Amino acid sequence: MSTDTDTPELTDGFHLVVDALKLNGIDTLFGLPGIPITDLARLAQAQGMRVISFRHEQHAGNAAAAAGFLTRKPGICLTVSAPGFLNGLTALANATTNCFPMILISGSSEREIVDLQQGDYEEMDQLAIAKPLCKAAYRVLHAQDIGIGIARAIRAALSGRPGGVYLDLPAKLFAQSMDAEAGRRSLVQVVDPAPRQIPAPDAVARALALLRAAKRPLILLGKGAAYAQADAEVRALVERTGIPYLPMSMAKGLLPDNHALSASAARSYVLAEADVVMLIGARLNWLLSHGKGKTWGAPGPQQLSRQFIQLDIAPTEIDSNVAVAAPVIGDIGSCVSALLAGIDASFPKPAAEWLGAINERKDKNLSKMAATLAANPSPMNFHSALNVVRQIVQAHPDAILVNEGANTLDFTRSIVDMYQPRKRLDVGTWGIMGIGMGFAVAAAVTTGQRVIAIEGDSAFGFSGMEVETICRYQLPVCVVVFNNNGVYRGTDVNPSGGSDVAPTAFVKNARYELMMQAFGGVGVVASTPVELTRAMNEAIASGRPTLINAIIDETAGTESGRIASLNPQSAAKKKQPTTP
Ligand SMILES: Cc1ncc(C[n+]2csc(CCOP(=O)(O)OP(=O)(O)O)c2C)c(N)n1
Ligand SMILES: [Mg+2]
């Protein structure tokens, strides 16, 4: 403490940013240092924040987004100006699309020079570029506004439908000094940043009436329901009504996947046949075929008479693709609680024929799958390798599963059951590759649990350098690379006969395990289910950073995995006349 009473105590932009974040319970920064935010990262660490430094900003941004989803606090990504900012922007846009709360804080160059386009170091009008890609974007020019700027960013990220927020902090701001006491008073502790939004009683009554009259009801759980952390209420709603449910991929585990009311193993049947569908924090986007088309049954009276109930925090989500008969607008926890209040023992259970028909299909499909999983082909295929992962996750339900790829994604989603909420992090709404290591780091850092990342070899490549980050922070991450020598499979050949390999093919038999060894982690090759089991068990027992290069039959995958229908094919090629 200073004894010199003549000199007023001063603070500056660096301190105010760190103080404002800490005041709001933010204890971790994901970022990549450089001008002008290097000292900000140092100060944050000095002041007791966890600062996780990455090798590329996109992965720091993805980590922030996943941290936001897991904790319901905005994850913070800190980047330098222009190129660092742009590298972080993909993650910000992806977070917004996924409705994950995050704040991208970027340093930026001098406004006076940037706005006159006089060629500053890393010149870019970052605020304008960020704006259309996120939920809100702000810039702070004066140290005394840092508190308000951060408060606005936090509230924008968390309230209503969560999303990404951009906060622009020009280099000059950090060195601005002001009276420390005035600085302290300028900070804002955000009160109730994600206020509950209670649904209107008449909307709840309308939904309950529809549900009551349903003959073949179905509940669809989206990642919004997982994010809401209303796990007990969601489970009670399913169990009290006895309505079968389907989880979207990141809602898996909200109820355990082996729950009697899970209709996952009869997905196509229930989507085609349900007469009343209740969406809980799930959007009727491409992942649900926009609520129409053949996924939803043969065109005809049944499709036309199907009715939707939709629980969502965003009123504009309603009627996005098809008419919604009963919108219930509010936060998922409040909406589900309000419905539960109107459901007592007299609430009609779904018809036995409906449940029986679902169970019949479930049993058939599950025994078919069991037979496929039990096969032990050489080389391993997706099924035999994932049978191992399935058993390991069952034995370690606390572990967080990160998953990306095409076939690697689709097969993992359907084969590996989840047992607890928010344990599955994946490519989300965009089907984006590159989330793997960023999500894995965030999962390990924010939860302290073991992390298993099931990665296509192409998918892994997008963030592979972050294995150094995993080793540097000694995170308990076990990466399993499903190595089939390429995108979708490794067998494509160059149609021209030239010496370049096909665009989807990689170096054959690549030694991904050496990447982890290079930084002191454990790298193992697994060619059989027995080897894979041993390596994964060792990784989980030791908690050491591990990369398992799982050798998968390079012919086993299919083009685009399960979304081949979205892949345009050359019409010219198709129309080529056949030689008589
Ligand atoms: C950022 C981004 N770039 C490209 C794609 C297109 N894409 C979809 S899946 C995929 C990789 C699939 O290969 P792999 O990860 O090896 O999975 P596999 O099917 O071989 O198991 C690519 C490149 C994407 N989804 N996202
Ligand atoms: Mg592959």
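The sections below set out a description of the structure shown in this document. Treat the numbers as computed from the prediction; the structure is a model and nothing was measured. (Residues numbered from 1 in each chain as written. Chains lettered and ligands numbered in written order. Predicted model: local features only at pLDDT ≥ 70, side-chain atom pairs only at ≥ 80, totals over all residues. Heavy atoms only, no water.)

**Topic: the packing of helix α16 (residues 352–374) against helix α17 (residues 382–395)**
Packed helices, taken two at a time, are described by the angle between their axes plus the distance between the axes.
Then, number 1: Where α16 meets α17, the axes come as close as 7 Å, and the angle between the chain directions of the two elements is 105°. On the basis of the axis angle, α16 is roughly perpendicular to α17. Counted together, M369, T372 and L373 of α16 and H383, S384, N387 and R390 of α17 form the full contact between these two elements.
Then, number 2: Tallied by class, the residues present in the contact of α16 with α17 amount to two nonpolar, four polar and one charged. (Axes fitted to C-alpha atoms, helices over the stretch in contact; angles between N-to-C directions. Helix = DSSP H or I, 4+ residues; strand = E, 2+ residues; numbered from the N terminus. Parallel < 35°, antiparallel > 145°, perpendicular 65-115°, else oblique. Contact = heavy atoms within 4.5 Å. Nonpolar A, V, L, I, M, F, W, Y, C, P; charged D, E, K, R; others polar.)

**Topic: the packing of aromatic side chains**
Then, number 1: A full pass over the atoms with the stated rule returns ten aromatic pairs.
Then, number 2: A centroid spacing of 5.1 Å and a plane angle of 20° characterise the contact between F14 and F174, whose relative ring orientation is stacked. Taken together, the residues F14 in helix α1 (residues 13–23) and F174 in helix α8 (residues 171–175) connect sequence positions 160 residues apart. The same class applies to F14 as to F174, namely buried.
Then, number 3: Put simply, the rings of F69, F100 and Y227 pair up and form one aromatic cluster.
Then, number 4: Geometry around Y269 places R361 over its ring, the cationic atom sitting 3.9 Å from the centre. (Phe/Tyr/Trp six-rings, centres within 6.5 Å; stacked < 30°, edge-to-face > 60°. Buried < 20%, exposed > 50% of the residue type's maximum accessible area, 1.4 Å probe, protein only. Lys NZ or Arg CZ within 6 Å of the ring centre and 35° of its normal.)

**Let's talk about helix α12 (residues 231–241)**
Note: α-helices contain 3.6 residues per turn, so residues at a spacing of three or four share the same orientation.
Then, number 1: If you check which residues of α12 are buried, you get V234, L237, V238 and T241. All buried residues of α12 lie within an arc of 90° about the axis, which places them on one face of the element.
Then, number 2: Buried positions along α12 lie against β9 (217–221), β10 (245–247), β11 (276–280) and α15 (332–341).
Then, number 3: Following α12 by one or two positions, G242 adopts a phi angle in the positive range, close to 70°. (Arc of directions from axis to C-beta.)

**So, the site of ligand 1**
Then, number 1: Around ligand 1, the structure places 17 residues, and the nearest of them are N407, T408, G431, D457 and A459.
Then, number 2: Backbone polar atom of M433 to a nitrogen atom of ligand 1: 3.1 Å apart, as the coordinates give it.
Then, number 3: Across the complex, the protein chains shield 75% of the 590 Å² of accessible surface that ligand 1 would expose by itself.
Then, number 4: Where the shell around ligand 1 is concerned, the elements lending two or more residues are α18 (407–415) and α20 (457–463).
Then, number 5: Broken down by element, the shell around ligand 1 gets its largest block of residues, four residues, from α20.
Then, number 6: Classifying every residue of the shell around ligand 1 by side-chain character gives eight nonpolar, eight polar and one charged. (Near = heavy atom within 4 Å. Polar contact = N/O pair within 3.5 Å; in protein donor to acceptor, adjacent residues only side chain to side chain. Areas by Shrake-Rupley, 256 points an atom, 1.4 Å probe, with all protein chains shown as cover.)

**Here's the deal with the sheet that holds strand β7 (residues 164–170)**
Then, number 1: One open sheet holds the six strands; their spatial order is β3-β2-β4-β5-β7-β6, and the pairing between them is parallel. Unpaired on one side and paired on the other, β3 (50–53) and β6 (136–139) mark the two borders of the sheet. Recorded for the sheet is a direction-independent mean angle of 20° between the axes of neighbouring strands.
Then, number 2: Bridge count for strand β2 (residues 28–31) against β3 is four bridges, and the pairing is parallel. (Pairing = 2+ DSSP bridges.)

Coordinates in, geometry out; function isn't part of it.
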